[in-house]
Every structure is written in structure tokens, then in C-alpha cells.
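# Remarks on the overall topology
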Amino acid sequence: MDSTRYLAFAGRLLIGLPLAMSGLGKLAAYGPTTAMIAAAGLPVPPLAFAVAVALELGGGLLLIAGYQARLVATVLALFCLVTAFSFHSNFADQNQMFHFLKNVMMAGGLLQIAGFGAGAISLDNRLSRGRVAVANAAVAR
């Protein structure tokens, strides 16, 4: 058994878990979060809040499970870049620079998942094996 088969899952977990936790945190802080969205000048803060929670919580959980990992990782990478430029672009503030770079680094890790897939321990892998078995059974008939 190849021990590297666990690395893709560990990577998905280390990126997906903080995203999911951030989405949960936003659910507990609707008022402050929508106020921050409004202060950034984004239109329709309640809608932006719902999109952010869905992407962070839902996308983080899907990423951990490894379901549609390439698509989810691509969408989350774009989300990380948009939030970096929308909320963390005041480079005179060292804290904002740190968060900007964190979002850029997360986008890089997510693009690795988008490029290389979910790995062996994932729903994507399990479901693809099931599809291959069904296709082989159909061919054998």
C-alpha cells in the first residue's frame, strides 16, 4: 500500500476545514459580516453573505469529502482571489497584507487540487470506480 495515497486527502482536509469553519463563523455573525460586506462596497450584502456561506461551508465540506473536487476547488480558488482583492487590498496595513497573501496561497493550493484531482481517498474516486464497473458490466453483455 502506497502511503502517499493519504496526502491528497490531508491536503483537502487542511484547506477544506478552515473554509468550512469560516462559513460556520459567518453564520454566527450575520450582522457584522453583512456590515463588513457593505463597507467593502459590494452590492446586496445579504446575497453576498449567502453566497460566501454557501461557498465556504458547502464548498469546504465538498472538498473534504472529495466530491466534484476539481470543480469545487476551481470555484473556491476564484472566491479566494476575489475576497483577497475585495477585502484585503490595503497593503499599508500589515494585517491586511497577511490576509491577502493567505488568500492567494489558499487559491494556489486549491488550483493544485483542481489540476491533480481529489486523489485515492475521495468520493470522486469511489464514484468513478463504480462507473467503470457499470460500464464493464454493460460491455460484457
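Our subject is the structure that appears above.
The sections below set out a description of the structure shown in this document. (Residues numbered from 1 in each chain as written. Predicted model: local features only at pLDDT ≥ 70, side-chain atom pairs only at ≥ 80, totals over all residues. Heavy atoms only, no water.)

Below, the discussion takes up helix α3 (residues 45–65). Over its 21 residues, α3 runs 29 Å from end to end, which matches the ideal 30 Å to within 8%, given 1.5 Å per residue. Turning to α3, its buried residues are P45, F49, A52, V53, E56, L57, G59, G60, L63 and I64. Close packing links the buried residues of α3 with α1 (7–27), α2 (30–39), α4 (69–87) and α5 (94–116). Phi turns positive one or two residues past the end of α3, at G66, with a value near 75 degrees. (Helix = DSSP H or I, 4+ residues; strand = E, 2+ residues; numbered from the N terminus. Expected span 1.5 Å × (residues − 1). Buried < 20%, exposed > 50% of the residue type's maximum accessible area, 1.4 Å probe, protein only. Contact = heavy atoms within 4.5 Å.)

Right, let's get into the packing of α4 against α5. Angle between the axes and distance between the axes: these two values describe a pair of packed helices. Closest axis-to-axis distance for the α4/α5 pair is 8 Å, and the angle between their directions is 165 degrees. As judged from the angle between their axes, α4 and α5 are roughly antiparallel. Read as a crossing pair, α4 and α5 show a hand that is left-handed. Contact residues: α4 offers A69, R70, A73, T74, L76, A77, C80, L81, T83, A84, F85 and F87, while α5 offers Q96, F100, N103, V104, M106, A107, L110, L111, I113, A114, G115 and F116. Class assignment for the residues of the contact of α4 with α5 results in 18 nonpolar, five polar and one charged. (Axes fitted to C-alpha atoms, helices over the stretch in contact; angles between N-to-C directions. Parallel < 35°, antiparallel > 145°, perpendicular 65-115°, else oblique. Left-handed = near helix turned anticlockwise from the far one by under 90°. Nonpolar A, V, L, I, M, F, W, Y, C, P; charged D, E, K, R; others polar.)

Moving on, we come to the packing of aromatic side chains. Inspection of the entire model under this criterion finds three aromatic pairs. Ring geometry for F85 versus F100: centroids 5.1 Å apart, planes at 85 degrees, classification edge-to-face. Here the residue F85 occupies a position in helix α4, and F100 occupies one in helix α5, the gap between them amounting to 15 residues. By relative accessible area, which is 10% here, F100 ends up buried. Among the aromatic residues, ring-to-ring pairing joins F85, F91 and F100 into one connected group. Sitting over the ring of Y6, R5 keeps its end group 5.6 Å from the ring centre. (Phe/Tyr/Trp six-rings, centres within 6.5 Å; stacked < 30°, edge-to-face > 60°. Lys NZ or Arg CZ within 6 Å of the ring centre and 35° of its normal.)

Here S22 shows up in helix α1. Placed 91 residues apart in sequence, S22 and I113 show a C-alpha to C-alpha distance of 20 Å.

I15, L63, A73, L76, L110 and I113 are the most contacted members of the largest nonpolar core, which totals 14 residues. Every element with two or more residues in this core is listed here: α1, α4 and α5. The dominant element in this core, judged by the number of residues it contributes, is α4, at six residues. Contacts of L63, omitting those with residues within four sequence positions, involve R12, I15, G16, A69, V72, A73, L76, L110 and I113. (Core = buried A, V, L, I, M, F, W, Y, C linked by side-chain atoms within 4.5 Å.)

What follows covers unusual backbone geometry. Within the chain, V44 stands out as a residue other than glycine whose phi angle is a positive 50 degrees. Looking at the secondary structure, you find V44 in the loop between α2 and α3. Its identity as a non-glycine residue notwithstanding, Q68 has a phi of 50 degrees, on the positive side. On the secondary structure map, Q68 appears in the loop between α3 and α4. Exposure remark for Q68: the relative accessible area of 37% places this residue in the partly exposed category.

Residue placement: T83 occurs in helix α4. Of the polar contacts made by the side chain of T83, one reaches the backbone oxygen of C80; its length is 3.0 Å. Setting aside anything within four residues of it in sequence, one finds T83 in contact with H88 and N103. (Polar contact = N/O pair within 3.5 Å; in protein donor to acceptor, adjacent residues only side chain to side chain.)

Distances and angles like these do not, on their own, reveal function.
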